[in-house]
Amino acid sequence: MNSELPIFRVDDLAISFGSGAQRTRVVDGVSFHVGRGETLGIVGESGCGKSVTVMSSVGLQPSPPSHVDGGSARLGDVDLLALRPKALRRLWGSRIGVVFQDPMTSLNPVFTIGMQLREALAAHTNLTDAERETRIMAMLARVGINAPERRLRQYPHELSGGLRQRVLIAMALICGPELLIADEPTTALDVTLQAQILALLRDLRDEMGMGILFVTHDLGVVAQFCDRVAVMYAGRVVESARVDALFRAPRHPYTHALLASTPRLDSDRRVPLPTIEGMVPPPGARGTGCSFAARCPRAQPICLGTAPSLVAGQDGAFACHHPVPVP
Amino acid sequence: MRTLLADRLAILALCFIATIVAGAAGAHWFAPFPPEETFFDGLTLEGAPLPPGEKYWFGTDLLGRDLFSRVLFGAQTSLVIGLVANGVSLLIGTLVGIVAGYVRGWVGTVLMRFTDLMMAFPALLLAIALAALFTPSLWIVAMVIAMVNWVQVARVVYSLTVTLSEREFVEAVRSLGATRTRILFRHVLPHLLPAIIVYGTLGIATTVLLEATLSFLGIGVQPPTPSWGNIIFENQSYFSTAPWLVFIPGAAIVLLAVSFNILGDTMRVALDPTLRGRTS
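Now for a description of the structure that goes with this document. (Residues numbered from 1 in each chain as written. Chains lettered and ligands numbered in written order. Predicted model: local features only at pLDDT ≥ 70, side-chain atom pairs only at ≥ 80, totals over all residues.)

**Observations concerning the overall build of chain A**
- In terms of regular secondary structure, chain A is built from 11 helices and 12 strands.
- Scaling as 2.2 N^0.38, a compact globule of 327 residues should have a C-alpha radius of gyration of about 20 Å, and chain A matches this with 21 Å.
- Referenced to the eigenvectors of the C-alpha coordinate spread, the extents of chain A come out at roughly 70 × 50 × 35 Å.
- Counting over 327 residues, chain A shows a buried share of 43%.
- Intrachain contacts of chain A at a sequence separation of at least 6 include 65% that bridge at least 24 residues. (Helix = DSSP H or I, 4+ residues; strand = E, 2+ residues; numbered from the N terminus. Rg over C-alpha atoms; globule rule 2.2 N^0.38 Å. Buried ≥ 20, exposed ≤ 12 C-beta atoms within 10 Å, placed from the backbone. Contact = placed C-beta atoms within 7 Å.)

This is how it looks when you write it as structure tokens:
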């Protein structure tokens with residue numbers, strides 16, 4: 001879990017949607033990096049741009065309607081944003097694996113599990129049929145699917161949600177990618193399965209040494225599963241830190257408020273859970289100041305006028321003029 | 001029980017189609033008379049066509065020709081029109097629709113606006129214009145019908161492809177590095193097959209009737225070559241006195257269309273893996 005050698009590094013990424021007069025910046029100046037065997041959590045509420053950021057950084061976000069306006073995304077020494085579609089496609093599935101949110105809809109209902117796994121391998125390798133079958137069997141067994149020979153002949157609708165998510169993980173990892181993108185992989189699963197899938201992903205990460213970009217809105221999952229975390233708000237990273245530091249001493253008022261509104265076992269049930277007043281400003285209505293200022297209890301006149309930039313502290317970085325003091 | 005019934009119907013439909021195909025292919029051997037020969041005893045003394053009887057099984061038409069022979073030879077024309085014209089229009093429509101639906105952008109816009117243009121253009125007028133350019137023959141007529149009919153298929157396939165390409169499994173295959181062609185023809189196309197099959201089987205009746213219309217206007221299959229459509233049109237003025245002249249080829253068209261429909265429906269069910277598991 002060393003972060004000194006990032007395998008994936010995104011710098012100053014800016015993304016907009018639409019064209020002409022309707023063109024709106026939705027993600028602005030986002031930077032992050034993932035090391036070998038490391039998990040970076042990207043958290044934020046719905047619509048803050050976390051999925052768009054991650055999908056655009058590996059070229060999977062369809063364009064149009066989205067446009068990458070600037071920045072770079074380097075996998076090893078390749079800038080993904082400068083690659084031609086054909087070259088990008090060769091990386092998808094081989095060096096970059098993706099696990100999607102909903103296992104119910106991410107498998108093609110008209111093909112058997114075996115056919116879909118073969119597809120994943122066939123796109124990037126020239127194995128013989130026998131070699132391919134052994135590799136598929138080994139992978140299925142590795143992700144904890146019992147009776148793999150039988151599963152291979154089954155259709156997605158014959159499998160439970162947990163099994164399907166395991167199949168999707170097998171598909172994403174079968175070519176041994178360096179970077180795994182997990183876009184809310186556990187949101188559609190119940191809590192028990194969620195824990196199992198997370199444990200599986202952690203084991204596979206330690207074994208195969210890939211970096212994981214983990215997109216989620218669940219802070220509990222982040223605390224369990226991630227090494228570092230980047231908190232996004234209205235298209236920007238407002239705070240990034242090691243997980244223990246972030247949970248112990250959040251510096252940005254947004255992170256602070258998010259953590260305060262998370263229910264805990266030891267919280268007093270008679271006191272209502274704190275909420276964050278107001279709404280996320282829609283893209284296009286974000287002024288020159290800090291986009292959280294309107295909802296921030298610590299806001300000062302300066303917050304409305306100039307947007308703070310991300311400054312590195314001792315445990316991480318935050319973008320705030322008046323950070324929450326370390327307790 | 002329901003599947004058994006459906007299977008029996010499907011077998012019946014298949015038998016009917018096979019009979020028609022065999023009859024058309026072997027018309028030279030099966031037909032009791034040449035289809036274009038007019039018989040002196042084929043009309044009554046007043047000049048009216050004969051009803052179905054011992055010598056002329058399906059009766060005779062207004063010129064005293066044997067209707068049974070004409071229906072057999074007409075099957076050749078109608079099958080070619082129904083299968084070839086329909087097949088070509090399905091092929092064009094599917095290709096245009098799937099490409100426009102998946103690629104979208106300016107390619108999709110150009111393709112679909114062209115489709116709209118073709119749709120807005122009166123089909124018959126277009127067919128007449130096309131038929132005027134080329135000398136009418138069976139194959140030309142089939143192509144003309146295909147050119148007119150692909151538009152609806154393209155529309156249906158387009159809208160289905162648009163919804164399908166938003167589905168997550170398409171995104172998932174894309175993230176595995178599959179090429180565009182592969183995604184379209186291996187992952188999206190199977191989902192379109194049910195709609196295409198249903199449309200194709202419905203189209204058989206439409207194309208056979210369109211051919212009849214063209215024949216009626218004199219730009220279809222040229223008389224005296226029979227087709228089911230032009231038999232009906234030639235004889236329609238005798239409908240009240242000699243109903244069999246319209247009824248028999250009409251029934252042939254309806255039965256053929258229904259048979260293809262049943263067959264298509266059975267195929268659609270057989271192709272669906274979620275339904276396959278239930279029956280066994």
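**Some words on the overall build of chain B**
- The number of helices and strands found in chain B is 11 helices and 0 strands.
- Starting at the N terminus and walking to the C terminus, you meet the elements of chain B as α-α-α-α-α-α-α-α-α-α-α.
- Viewed in the frame of its principal axes, chain B has a C-alpha envelope of about 80 × 50 × 30 Å.
- Within chain B, the proportion of its 280 residues that are buried is 41%.
- Partitioning the intrachain contacts of chain B with sequence separation of at least 6 by distance along the chain shows that 70% fall at a separation of at least 24.

**A look at the interface of chain B and chain A**
- The partner chain A presents 23 residues to the 18 residues of chain B that form the contact.
- Every element with two or more residues in the side of chain B that touches chain A is listed here: helix H7 (168-175), helix H8 (180-216) and helix H11 (273-279) of chain B.
- Looking at the side of chain B that touches chain A element by element, the count peaks at 7 residues for H7(B).
- Among the residues forming the side of chain B that touches chain A, the class breakdown is 7 nonpolar, 7 polar and 4 charged. (Nonpolar A, V, L, I, M, F, W, Y, C, P; charged D, E, K, R; others polar.)

**A word on the sheet that holds strand S4 (residues 66-75) of chain A**
Residue and element names in this part refer to chain A.
- Taken in spatial order, the 4 strands make up an open sheet running S2-S1-S4-S5, and their pairing is antiparallel. Unpaired on one side and paired on the other, strand S2 (24-35) and strand S5 (78-79) mark the two borders of the sheet.
- As judged from the 8 bridges shared by strand S1 (residues 6-17) and S2, these two strands associate in the antiparallel manner. Bridged to Val 10 within S2 is Phe 32.
- Contacts from helix H1 (residues 50-57) reach S1, S2 and S4, with the element oriented near 115 degrees to S1. (Pairing = 2+ DSSP bridges. Axes fitted to C-alpha atoms, helices over the stretch in contact; angles between N-to-C directions.)

**A short note on the packing of helix H5 (residues 123-133) of chain B against helix H6 (residues 138-165) of chain B**
Residue and element names in this part refer to chain B.
- Packing of H5 against H6 brings their axes to within 10 Å, and their N-to-C directions diverge by 145 degrees. Seen along the crossing, H5 lies across H6 with a hand that is right-handed. On H6, the residues touching Ala 123, Leu 126, Ala 127, Leu 130 and Ala 131 of H5 are Val 144, Met 147 and Val 148.
- Taken together, the residues of the contact of H5 with H6 sort by class into 8 nonpolar, no polar and no charged. (Left-handed = near helix turned anticlockwise from the far one by under 90°.)

**Observations regarding the packing of helix H4 (residues 105-120) of chain B against H6(B)**
Residue and element names in this part refer to chain B.
- One way to put it is that H4 packs onto H6 with a least axis distance of 9 Å and a crossing angle of 140 degrees. In terms of their interaxial angle, H4 and H6 are classed as oblique. Remark: the crossing between H4 and H6 carries left-handed chirality. Listed contacts from H6 to Met 112, Thr 115, Met 118 and Met 119 of H4 are Val 151, Ala 154, Arg 155 and Tyr 158.
- The class makeup of the residues in the contact of H4 with H6 is 6 nonpolar, 1 polar and 1 charged. (Parallel < 35°, antiparallel > 145°, perpendicular 65-115°, else oblique.)

**A short note on the sheet that holds strand S9 (residues 228-233) of chain A**
All names here are of chain A.
- Read from one edge to the other, the open sheet built from 8 strands follows the order S6-S7-S8-S3-S9-S10-S12-S11, with strand pairing classed as mixed. In the strand order of this sheet, the two ends are held by strand S6 (96-99) and strand S11 (311-312), each with one partner.
- Packed on one face of the sheet, H1 meets strand S3 (39-43), strand S7 (179-183), strand S8 (211-216) and S9 and runs near 150 degrees to S8.

**Structural notes on the pairing of strand S10 (residues 236-242) of chain A**
Residue and element names in this part refer to chain A.
- Of all 7 residues in S10, 6 are buried; the element is thus mostly enclosed.
- Direction of pairing for S9 relative to S10: antiparallel, over a ladder of 6 bridges. The residue bridging Tyr 233 from the neighbouring strand is Arg 236, located in S10.
- Between S9 and S10, which follow one another and run antiparallel, lie 2 residues, and Ala 234 among them has a positive phi close to 45 degrees.

**Describing the environment of B:Trp139**
- Within the element layout of this structure, B:Trp139 appears in helix H6.
- Linking B:Trp139 and B:Thr207, residues 68 residues apart in sequence, is a C-alpha distance of 13 Å.

**Description of helix H6 (residues 161-173) of chain A**
Residue and element names in this part refer to chain A.
- Helix length check: H6, at 13 residues, gives a terminal C-alpha distance of 18 Å against a target of 18 Å (1.5 Å per residue), a fit within 8%.
- Of all 13 residues in H6, 11 are buried, a share of seventy percent or more.
- Structurally, H6 contributes buried residues whose contacts are with S6, helix H3 (113-122), helix H4 (129-142), S7 and helix H7 (191-208). (Expected span 1.5 Å × (residues − 1).)

**Brief notes about the environment of A:Thr53**
All names here are of chain A.
- With respect to the helices and strands, the residue Thr 53 is situated in helix H1.
- With 40 residues separating them along the chain, Thr 53 and Leu 13 place their C-alpha atoms 7.8 Å apart.
- Here Thr 53 is in contact with Leu 13, Ile 15, Val 27 and Val 30, once residues within four sequence places are set aside.

**Things to note about unusual backbone geometry**
All names here are of chain A.
- With a phi close to 50 degrees, Ala 147 is a non-glycine residue in the positive phi region.
- With respect to the helices and strands, Ala 147 occurs in the loop between H4 and helix H5 (148-152).
- The exposure class assigned to Ala 147 is exposed, which follows from the 10 C-beta atoms found within 10 Å.
- Here Ala 234, not a glycine, exhibits a phi torsion of approximately 45 degrees, which is positive.
- The residue Ala 234 is located in the loop between S9 and S10 in this model.
- Its 23 C-beta neighbours within 10 Å are what place Ala 234 among the buried residues.

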